[in-house]
Amino acid sequence: MENKVSKLINDQINKEMYSAYLYLEFANHFTERGLDGFANWYNIQAKEEMDHALKFIAYLHDNDEKVTYEAIAKPESKSKEDIDVLKAAYAHEKFITASINAIYAEASKVNDYRTTQFLDWFISEQAEEEKNAADLIQKMDLFGSDPRALYLLDHEFSTRSYKPSAQ
């Protein structure tokens, strides 16, 4: 594996770990607001991001590459409004998509087909992640201002359960 590809994957591990940390911060926001269903949604998101980091770690190990860990930045909690948290999550998913696309582009450039094939799963996953984040914003825009509808939406999100991702 080319050094640049390995470095980008190591950087992605840190980004996935940060994503988990960020989503735990979002879960805290919603817990403090009494929206436990939304908190559940983001706690599960955090677990999924950890799964993604572990997939990247295993991939590097499986290819005899060194894994290097960096410090995980503290997520900044600027959002006071629920919709701002949802929009921040959507923006973050777009950032992660761009990062994975950059790894794919570099791997393609050096004809690293094994890595591009590995990344195919993440590309599909990111399409789903962006859609889910956009759907949350849409639902909040439609129903969030009505307390009864917000209660039902929160209940809907409380039913989400964690399923380890397959690959």
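Here, every reference points to the structure presented above.
Everything quoted here is computed from the prediction, not taken from an experiment.

Student: Give a detailed account of the overall build of the protein, specifying residues and quantitative values.
Tutor: Of regular secondary structure, the protein possesses five helices and zero strands. The C-alpha radius of gyration computed for the protein amounts to 17 Å, which stays within 12% of the reference 15 Å derived for 167 residues, consistent with globular compactness. Counting only residues that meet the buried cut, the protein has 44% of its 167 residues in that class. Relative to all contacts within the protein whose residues are 6 or more apart in sequence, the contacts with residues 24 or more apart total 81%.

Student: Got a sec to walk through unusual backbone geometry? Specific residues and values, please.
Tutor: We note that aspartate 64 has phi near 55 degrees; this positive angle belongs to a residue other than glycine. The topology assignment puts aspartate 64 in the loop between helix H2 (36-62) and helix H3 (82-109). Although it is not a glycine, asparagine 111 adopts a positive phi angle of roughly 55 degrees. Within the secondary structure, asparagine 111 is located in the loop between H3 and helix H4 (113-143). Relative accessible area serves as the criterion here: at 48%, asparagine 111 is assigned to the partly exposed category.

Student: I'd love a proper account of H3, names of residues and values included.
Tutor: With 28 residues, H3 extends 41 Å from end C-alpha to end C-alpha; this agrees with the ideal 40 Å at 1.5 Å per step. Positive backbone phi, at 55 degrees, marks asparagine 111, one or two positions downstream of H3.

Student: How would you explain the nonpolar core if you had to name every residue and give the values?
Tutor: Formed by 22 residues in total, the largest nonpolar core has its most connected members in Phe26, Phe30, Phe38, Tyr42 and Leu86. Counting residues per element, the ones that place at least two in this core are helix H1 (3-32), H2, H3, H4 and helix H5 (147-158). Of the residues forming this core, the biggest block, six residues, is contributed by H1. Those residues in contact with leucine 86 that sit more than four places away from it in its chain are Phe30, Phe38, Tyr42, Leu136, Ile137 and Met140. Judged by nonpolar contacts, the second largest core, of 17 residues, contains Val5, Ile9, Ala53 and Ile57.

Cut-offs and rules
- Residues numbered from 1 in each chain as written.
- Predicted model: local features only at pLDDT ≥ 70, side-chain atom pairs only at ≥ 80, totals over all residues.
- Heavy atoms only, no water.
- Helix = DSSP H or I, 4+ residues; strand = E, 2+ residues; numbered from the N terminus.
- Rg over C-alpha atoms; globule rule 2.2 N^0.38 Å.
- Buried < 20%, exposed > 50% of the residue type's maximum accessible area, 1.4 Å probe, protein only.
- Contact = heavy atoms within 4.5 Å.
- Expected span 1.5 Å × (residues − 1).
- Core = buried A, V, L, I, M, F, W, Y, C linked by side-chain atoms within 4.5 Å.

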